[in-house]
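Take a look at the letters that make up each chain.
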Amino acid sequence: MSRKLQRKDINPRVLGDYLSHFLPGSAENISIRSHVAGASNLTYLVSFNDMEMVLRRPPFGDLLPTAHDVLREYRFIDALYGLVRVPEPVHACDDTSIIGAPFYLMRRVDGEIMREVIPTSCDSQAGRIAFGEEMINALVELHSVDWQSTKLKGRPNGYLSRQLRRWSEQWALTRSTARSLDGLDKAAVWLNEHLPPENISTVVHGDYKPDNVVFSSSRPELIAVLDWEMATIGDPFADVGWLLSYWGDPGDPLPFPDYIPSGYPIPRITAEEGFVDHETLIAMYEKKSGRSIQNIDYYMAFSVFKLAVILEGLYMQYLDQTAVNPK
């Protein structure tokens, strides 16, 4: 049975009154606009006096445990601001009486995101190469942060085994509502049986891919990394495997070309002529980070397993008619 919920817009007067306690300006000078993009947390564009911000809150409906943690996003942005390319944090709120859920605010970053088209500054032969280089540069910067000197806390050991347990548990909860896929159970067993040796622990973004970063419109430069809800402390090669799983090699055949909805053609775009391939991305990362990547096939297999569980969770929300994005 459907659990469709009535979506309620944010009340500008209530939010304006709340913001006026810690931001300069009049509580009445506020505008709020829903931003339909992505498939996870809800995003709103908020203008408060002369300040342009982005508000993030969890989606409506029943949520899987640990999913859609916007306050985790804020903790990482707040701790990493000034160290890596993240938007400026503004405020986090766990009082659900303000808009009906926890939320946070960050300054809006002006630029372009590669979803259906290539960013203007990267739409050339040199720009396409620079796109790959910048994706790696920003990732290496993140993995170079001395996280123990920040406000972040984490468990440096056992990352992959914890991740497999977490996503297997998420899958078990999803399967009871959506559908059963024996292949995912077999994949979970294989991944557990072939765990690679422990690697150095760094900040891990958890969802690092081309449509979760902002590029400048005037130059081929990555200016901000977004969507930190799955960030943690763990194995940096997991981020590399995740990026590669979204990165189409030039000449790759399209998987299910008639089944991919418009708005999610990321693997298609990076498979176009001029973008660097997987081997080049790996070589870039190794050279810039000073780390030799072992067992990359394992990290890519783990990434696809994780993505499959996430997509099944989104499919569950679709069945419940609580999905953030109709696509």
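So, a few notes on the structure that sits alongside this text. (Residues numbered from 1 in each chain as written. Predicted model: local features only at pLDDT ≥ 70, side-chain atom pairs only at ≥ 80, totals over all residues. Heavy atoms only, no water.)

1. Some remarks on the overall build of the protein chain
A tally of regular secondary structure across the protein chain gives 9 helices and 9 strands. Looking at the protein chain as a whole, 50% of its 327 residues are labelled buried. Within the protein chain, residue pairs in contact and separated by at least 24 positions form 72% of the contacts whose partners lie at least 6 positions apart. Carbon and sulfur atoms make up 51% of the accessible area of the protein chain, which amounts to about 15,900 Å² in all. (Helix = DSSP H or I, 4+ residues; strand = E, 2+ residues; numbered from the N terminus. Buried < 20%, exposed > 50% of the residue type's maximum accessible area, 1.4 Å probe, protein only. Contact = heavy atoms within 4.5 Å. Areas by Shrake-Rupley, 256 points an atom, 1.4 Å probe, with all protein chains shown as cover.)

2. Comments concerning a nonpolar patch on the surface
A contiguous nonpolar surface patch, about 290 Å² in accessible area, is contributed by Y315, Y318 and L319. Locating Y318 in the fold gives a position in helix 9 (residues 296–319). (Patch = residues over 30% accessible without salt bridge, like charges linked within 9 Å, V, L, I, M, F, W, Y side chains within 5 Å. Salt bridge = Lys/Arg side-chain N within 4 Å of Asp/Glu carboxyl O.)

3. Concerning the packing of helix 6 (residues 236–245) against helix 9
Put simply, helix 6 and helix 9 touch, their axes get as near as 8 Å, and they point 70° apart. Our classification of the angle between helix 6 and helix 9 gives roughly perpendicular. When the axes of helix 6 and helix 9 are compared, the crossing they make is right-handed. On helix 9, the residues that touch F237, A238, V240, G241, W242, L244 and S245 of helix 6 are I296, Y299, M300, S303, V304, K306, L307 and I310. Here the residues of the contact of helix 6 with helix 9 are counted per class, giving 11 nonpolar, 3 polar and 1 charged. (Axes fitted to C-alpha atoms, helices over the stretch in contact; angles between N-to-C directions. Parallel < 35°, antiparallel > 145°, perpendicular 65-115°, else oblique. Left-handed = near helix turned anticlockwise from the far one by under 90°. Nonpolar A, V, L, I, M, F, W, Y, C, P; charged D, E, K, R; others polar.)

4. With respect to the environment of E112
If you trace the backbone, E112 turns up in the loop between strand 5 (103–107) and helix 3 (125–143). As a C-alpha pair, E112 and L222 span 110 residues in sequence and 9.5 Å in three-dimensional space. Side-chain polar atoms of E112 contact the side chain of T120, separated by 2.8 Å. Within the structure, the side chain of E112 is placed 3.1 Å from the side chain of S217, a separation counted as a polar contact. (Polar contact = N/O pair within 3.5 Å; in protein donor to acceptor, adjacent residues only side chain to side chain.)

5. Quick word on the nonpolar core
With 64 residues, the main nonpolar core has L80, M135, V203, Y208 and W228 as its most contacted residues. Ranked by the residues each element gives to this core, the list is headed by helix 3, at 7 residues. In terms of nonpolar packing, the next biggest core, distinct from the first, is built from 20 residues, Y18, V90, C93 and I98 among them. (Core = buried A, V, L, I, M, F, W, Y, C linked by side-chain atoms within 4.5 Å.)

6. Description of the pairing of strand 4 (residues 89–93)
Of all 5 residues making up strand 4, 4 are buried, and the element is well covered by its neighbours. Direction of pairing for strand 4 relative to strand 5: antiparallel, over a ladder of 4 bridges. Bridge pairing in strand 5 links H91 to L105. (Pairing = 2+ DSSP bridges.)

These figures capture arrangement, not role.
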